[in-house]
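A closer look at the structure
If you want the building blocks of each chain, they are given just below.
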Amino acid sequence: MRTHYCAQINEQHNGEVVTVAGWVSSRRDHGGVIFIDLRDKDEVLQLVCDPADNAAAHKIAEDVRDQFVLIATGTIRPRGEGLENPNLKTGKVEMVVEKLVIENRSKPMPFEIGDEKVNEEIRLRHRYLELRSQRSYTIFKLRSKATIAARNALDELGFLEVETPILTKSTPEGARDYLVPSRVHHGEFYALPQSPQLFKQLLMVGGFDRYFQIAKCFRDEDLRADRQPEFTQIDVEMSFCTQEDVIQIAEKLIYNVFTKCGFEIPGTFKRMTHHDAMEKYGSDKPDMRYDLAMVDVIDIFERCDNEIFSAIAKAPKKNRIKALKVPNGDNIFSKRQMKGFEDYVRKFGAQGLGYFQMKEDGLKGPLAKFFTDADLQAIIDRCELKTGDAVFFGAGEKKLVLDYMGRFRIYLAETMEIIPKGTFEFLWVVDFPMFEVEDGRVKALHHPFTQPKSLDYEDIEEIESIAYDIVLNGTELGGGSIRIHKEAMQSEIFKLLGIGEEEAQEKFGFLLDALKYGAPPHGGFALGLDRLIMLMAGTDSIRDVIAFPKTQRAQCLLTQAPSNVDNEQLKELGLRVRQTAAIQ
């Protein structure tokens, strides 16, 4: 139907007769001459319908409205002097229309294409219209290019693409499973995979050595801007490898994807232990585009005359007192803002927020009276303070302080608008704890198939694992670990997690059995493709980079899923719906 896409047409086509097809982006009637901006997949071409040139085409153009589907044939000519559009690839030329076909009409649009201020619910209900925007096409063109680059890079590195099952077995760890009832086995259920974790380990047992998959995964969990119930990850596993081997492969993959998509990034990334990330930034995914690192001052506060601070400081193992310096903060923030900062951290459990201001004659502020001159100088030296700086202090139980001070760090950076745009700062966070204890229950921090560095411990939360996350601009892009490849070690980890022998055999018997048959040392990683594209495209929501996303309540407004099914379907599955109160 067409000879050219709009983006292909330029001054070299002047005098040529071409055919283009697309949607009407806008229509303008200038005293009888009608101008139509026709847009196809990624560009706009201006059509000129002049009754003096072709009365039949002009007559049809009178009936054209926005978003009509047109096929136009005509001659390309230069635009008039001063009428060029530098924002378009086709901005120096236009088409004099000789034949115009209205292939399909459009009723009035529910919103203007490309208007990002439109209510998201309306946009998602008509997602196919939002996809017509230039912004959407650019995002999905980037996604396609990145996916192809990832697949080609892994192929060149000797990895074999293998698809693993979507209908699989429910396991007790991680987020909630999406369950699928079996028609032929009443009362039994499949689960949609949260990841291909167990299957890719079994592929290593099977001798595949290097595997990858662009894998669709599912998690029934509470949603946020960077979460969806179904998502895509670049999943990788390899045998006879160390953590260093895996990290090098991941860096080569990421470098290849970014450079193929036109971005400049380093070939190797910075590294930081989980302990240092938490102590300095209050997060296991710190944004390294700006500094604002926390400093430990608990030993100095132990000597102060404030009983609250000194009592906290007497238990340095379970408590923390952290200082956060803001360069020139004394000149930036008003007293009202200082008070607002305290209100902010209180939302996350803080009892308060202390601060000093660095004046020419030393530290000033409400806390200064509790310290000797020597200790005030120690704070100045420890925090490397200069005149005009402000320094904030959080004190209390370790996890609480690290959490709210980490959040406060981000809040300050956003308030001060110091986060640079258009830059990519990668960071490996390594040496994660193997376990965490919540409400007296031991849980695997990553997953129960991660190799611990050692099981010689006094405190179970101090056991480190051979696990690593890749962080980009404060967002966890992905992660992985070296896996347990011996059945005895895997059984021991299950015991520590409170998974008895019978339950372990029921849930993971196929894995435990496989590990008895010569499983090689292996490890791998997964990168969230949706998050990767979200960061590359510079958008704030993962929904922008998924063609047909769900809402934060896991609904598809376009198809109205999930939806009721008829009783005959339920009967075949041996199911009956019981009315219960709606989950908020």
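Placed above this text is the structure.
Right, let's walk through the structure included here.

In terms of regular secondary structure, the chain is built from 17 helices and 22 strands. Out of the 584 residues in the chain, the part that is buried amounts to 47%. Counting only contacts in the chain whose residues sit at least 6 apart along the sequence, the fraction spanning at least 24 positions is 68%. When the accessible surface of the chain is totalled, it reaches about 30200 Å², and 49% of it is carbon and sulfur. Charge separation in the chain, taken as the distance between the mean sites of 77 positive and 92 negative side-chain charges, equals 3 Å.

On the secondary structure map, threonine 19 appears in strand S1 (residues 17-30). Taking relative accessible area as the criterion, threonine 19 reaches 13% and is therefore assigned buried.

Below, the discussion takes up the pairing of strand S5 (residues 93-104). Regular strands place their side chains on alternate faces of the sheet. Bridge count for strand S3 (residues 44-49) against S5 is two bridges, and the pairing is parallel. By the bridge assignment, leucine 47 is partnered in S5 with methionine 95. Taken together, the 10 bridges between strand S4 (residues 69-78) and S5 define a ladder with antiparallel strand orientation. Each residue of the ladder has a partner; that of threonine 73, found in S5, is lysine 99.

On to the nonpolar core, then. Counting 44 residues, the largest nonpolar core has Leu253, Phe258, Phe426 and Phe525 as its most contacted members. For this core, the elements supplying multiple residues, two or more each, are helix H4 (134-156), strand S10 (230-239), helix H6 (243-260), strand S17 (426-430), strand S20 (467-472), strand S21 (475-482), strand S22 (522-528) and helix H16 (529-537). Considering each element in turn, this core owes the most residues, eight residues, to H6. Ignoring any residue separated from it by four or fewer positions in sequence, one finds phenylalanine 258 in contact with Phe263, Ile265, Phe424, Phe426, Leu472, Leu532 and Met536.

This brings us to the packing of aromatic side chains. Overall, the coordinates contain 23 aromatic pairs when judged by the stated rule. Where phenylalanine 258 meets phenylalanine 426, the ring centres are 5.4 Å apart and the plane angle is 85°; that geometry is what we call edge-to-face. Linking phenylalanine 258 in helix H6 with phenylalanine 426 in strand S17, this pair joins segments that are 168 residues apart in sequence. The pair phenylalanine 258 / phenylalanine 426 is uniform in exposure class, with both members buried. Ring geometry for tryptophan 428 against tyrosine 468: centres 6.1 Å apart, planes inclined by 80°, an arrangement best described as edge-to-face. With tryptophan 428 in strand S17 and tyrosine 468 in strand S20, this pair connects stretches of sequence that are 40 residues apart. Both residues of the pair, tryptophan 428 and tyrosine 468, count as buried. Three or more aromatic residues link up through ring pairs in this structure, and these residues are Phe333, Phe341, Tyr344, Phe348, Tyr355, Phe392, Phe408 and Tyr411. It is lysine 41 that lies over the ring of tyrosine 5; its NZ or CZ is 4.8 Å from the centre.

Moving on, we come to the sheet that holds S1. With mixed pairing, five strands are arranged side by side around a closed barrel as S1-S2-S3-S5-S4. On average, each strand axis in the sheet is inclined to that of its neighbour by 55°, with strand direction left out of account.

Once that is clear, we can look at unusual backbone geometry. Put simply, alanine 561 and proline 562 share a cis peptide bond, and its omega is 0°. Non-glycine residue glutamine 67 carries a positive phi angle of around 70°. Phi is positive for aspartate 431, which is not a glycine, with a value near 60°. Of note, aspartate 431 is situated in the loop between S17 and strand S18 (435-438).

Reading guide: rules and limits
Residues numbered from 1 in each chain as written. Predicted model: local features only at pLDDT ≥ 70, side-chain atom pairs only at ≥ 80, totals over all residues. Heavy atoms only, no water. Helix = DSSP H or I, 4+ residues; strand = E, 2+ residues; numbered from the N terminus. Buried < 20%, exposed > 50% of the residue type's maximum accessible area, 1.4 Å probe, protein only. Contact = heavy atoms within 4.5 Å. Areas by Shrake-Rupley, 256 points an atom, 1.4 Å probe, with all protein chains shown as cover. Lys, Arg positive; Asp, Glu negative; His and termini not counted. Charge placed at Lys NZ, Arg CZ, Asp CG, Glu CD. Pairing = 2+ DSSP bridges. Core = buried A, V, L, I, M, F, W, Y, C linked by side-chain atoms within 4.5 Å. Phe/Tyr/Trp six-rings, centres within 6.5 Å; stacked < 30°, edge-to-face > 60°. Lys NZ or Arg CZ within 6 Å of the ring centre and 35° of its normal. Axes fitted to C-alpha atoms, helices over the stretch in contact; angles between N-to-C directions.

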